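Listed below are the residues making up each chain.
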Amino acid sequence: MGFTDKQEALVNSSYESFKQNLSGYSILFYTVILEKAPAAKDLFSFLKDGVKDSPSLQGHAEKVFGLVSNAASQLRATGQVVLTNATLGAIHVQKGVVDPHFVVVKEALLKTIKEASGDKWSAELSTAWETAYDELANAIKKAMK
Ligand code: HEM
Ligand code: ISQ
């Protein structure tokens with residue numbers, strides 16, 4: 001079965017919940033990433049001073065969640081994910097990103113969405129985010145080759 005209307009709605013509505021407290025959930029997202037992969041601090045230019053509340057950190061986190069939400073809409077509409085930003089492959093190659101990093105970001109994203117969705121969280125919602133993230137991550141990895 002392909003990506004359903006319901007899955008798209010679950011992703012997009014929890015993305016709205018995430019944006020309701022962008023400051024708090026961005027900090028949670030970065031904190032979980034650095035817990036799992038402390039070396040990530042040196043990858044991101046905007047983490048040089050650590051995780052603190054800043055428009056720059058929020059903007060980068062919003063972009064990542066927004067791209068996953070966009071991937072969910074693409075999957076529902078066309079069954080595939082096409083990168084909207086042609087430079088994404090090259091940026092990640094240049095920063096030295098490797099496959100295991102994508103697992104860390106995925107776990108942090110799912111944990112953040114669990115917090116953001118509160119009592120609306122369900123296994124179905126989580127699976128919808130996982131599917132959209134995996135397809136987007138595959139598109140980025142392909143562009144990195
Ligand atoms: C840069 C998205 C996975 C590390 C970027 C940029 C985007 C992006 C849009 C451009 C800069 C920005 O505006 O934020 C994504 C998405 C991912 C993903 C959607 C997963 C589906 C990863 C992973 C890593 C990573 C797994 C490694 C931990 C970086 C770094 C930069 C970057 C280091 C450069 C940031 C800087 O300017 O210092 N990514 N990314 N990304 N990404 Fe990712
Ligand atoms: C991956 N790529 C770009 C920006 C990011 C911000 C937070 C976490 C992961 C990211």
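Residues numbered from 1 in each chain as written. Chains lettered and ligands numbered in written order. Predicted model: local features only at pLDDT ≥ 70, side-chain atom pairs only at ≥ 80, totals over all residues. Heavy atoms only, no water.

Considering the coordination of the iron atom of ligand 1
The line we're drawing: Each metal site lists N, O and S donors within 2.8 Å (3.2 Å for Na, K and Ca). With water left out of the atoms, a site can look as if it is missing ligands. Every geometry call rests on angle ranges, with four donors termed tetrahedral when all angles are between 85 and 135 degrees, four termed square planar and six termed octahedral when opposite donors are over 155 degrees apart and all others are between 65 and 115, and everything else termed irregular. For helices the rule is a DSSP run of H or I covering at least 4 residues; for strands it is a run of E covering at least 2, with both sets numbered from the N terminus onward.
Exactly one protein atom donates to the iron atom of ligand 1; that atom is His92 (NE2), 1.9 Å from the metal. Coordination at the iron atom of ligand 1 is octahedral, judged from the 6 donor atoms that bind it and the angles of 87 to 179° they form at the metal. In this structure, His92 sits in helix α4 (residues 88-94).

Looking at the site of ligand 1
What counts, and what does not: Nearness is defined per residue: one heavy atom within 4 Å of the molecule or strand is enough. Throughout this description, a polar contact denotes any pair of N or O atoms lying within 3.5 Å of each other; where both atoms belong to protein, one of them has to be capable of donating a hydrogen while the other can accept it, and for residues adjacent in sequence the pair is counted only when both atoms sit in side chains. Each residue gets one of three labels, nonpolar for Ala, Val, Leu, Ile, Met, Phe, Trp, Tyr, Cys and Pro, charged for Asp, Glu, Lys and Arg, and polar for the others, Gly among them.
Near ligand 1 lie 18 residues; those nearest to it are Leu43, Ser45, His60, Lys63 and His92. A distance of 2.6 Å is found between an oxygen atom of ligand 1 and a side-chain nitrogen or oxygen belonging to Lys63. Taking His92, its side chain carries an N or O atom lying 2.8 Å from a nitrogen atom of ligand 1. Residue assignment for the shell around ligand 1 shows that the elements contributing at least two residues are α3 (55-78), α4, α5 (99-117) and α6 (123-143). Looking at the shell around ligand 1 residue by residue, the classes come out as 12 nonpolar, 4 polar and 2 charged.

Description of the site of ligand 2
Every residue near ligand 2 is listed here: Phe29, Tyr30, Ile33, Phe44, Val64 and His92. Looking at the shell around ligand 2, the element that brings in the most residues is helix α2 (residues 22-36), giving 3 residues. Split by residue class, the shell around ligand 2 holds 5 nonpolar, 1 polar and no charged.

Things to note about the packing of α3 against α5
As a reminder of what qualifies: Lines fitted to the C-alpha atoms define the axes, with helices restricted to the stretch that makes contact. Angles between their N-to-C directions range from 0 to 180 degrees. For classification, angles of less than 35 degrees are called roughly parallel, those exceeding 145 degrees roughly antiparallel, those between 65 and 115 degrees roughly perpendicular, and all remaining angles oblique. Whether two residues touch is decided by their heavy atoms; if any such pair falls within 4.5 Å, the residues are in contact.
For the pair α3 and α5, the least separation of the axes is 12 Å and the interaxial angle reads 85°. Accordingly, the angle class assigned to the pair α3 and α5 is roughly perpendicular. Counted together, Val64, Phe65 and Val68 of α3 and Leu109, Thr112 and Ile113 of α5 form the full contact between these two elements.

Notes on the packing of aromatic side chains
The condition that has to hold: When the centres of two rings from Phe, Tyr and Trp lie within 6.5 Å, Trp using its six-membered ring, the rings pair. Their planes under 30 degrees apart give stacked, over 60 give edge-to-face, and anything left gives tilted. Throughout, exposure labels follow a simple rule: accessible area from a 1.4 Å probe, protein chains only, divided by the maximum for the residue type, with under 20% read as buried, over 50% as exposed, and the rest as partly exposed. Cation placement over rings: the criterion is NZ of Lys or CZ of Arg within 6 Å of the ring centroid and within 35° of the ring normal.
Counted according to the given criterion, the structure contains 8 aromatic pairs. Considering the side-chain rings of Phe18 and Tyr25, the 6.4 Å spacing of their centres and the 20° angle between planes classify their relative orientation as stacked. A relative accessible area of 17% means that Tyr25 is categorised as buried. Aromatic side chains Phe18 and Phe65 sit 4.0 Å apart centroid to centroid with 15° between the ring planes, which places their arrangement in the stacked category. Taken together, the residues span a long stretch of sequence, with Phe18 in helix α1 (residues 5-20) and Phe65 in helix α3 at a distance of 47 residues. For the residue pair Phe18 and Phe65, the accessibility class agrees, reading buried in each case. The rings of Tyr15, Phe18, Tyr25, Phe29, Tyr30, Phe44, Phe46, Phe65 and Trp129 are connected pair by pair, giving a single aromatic cluster. The side chain of Lys114 reaches across the aromatic face of Trp121, ending 4.3 Å from its centre.

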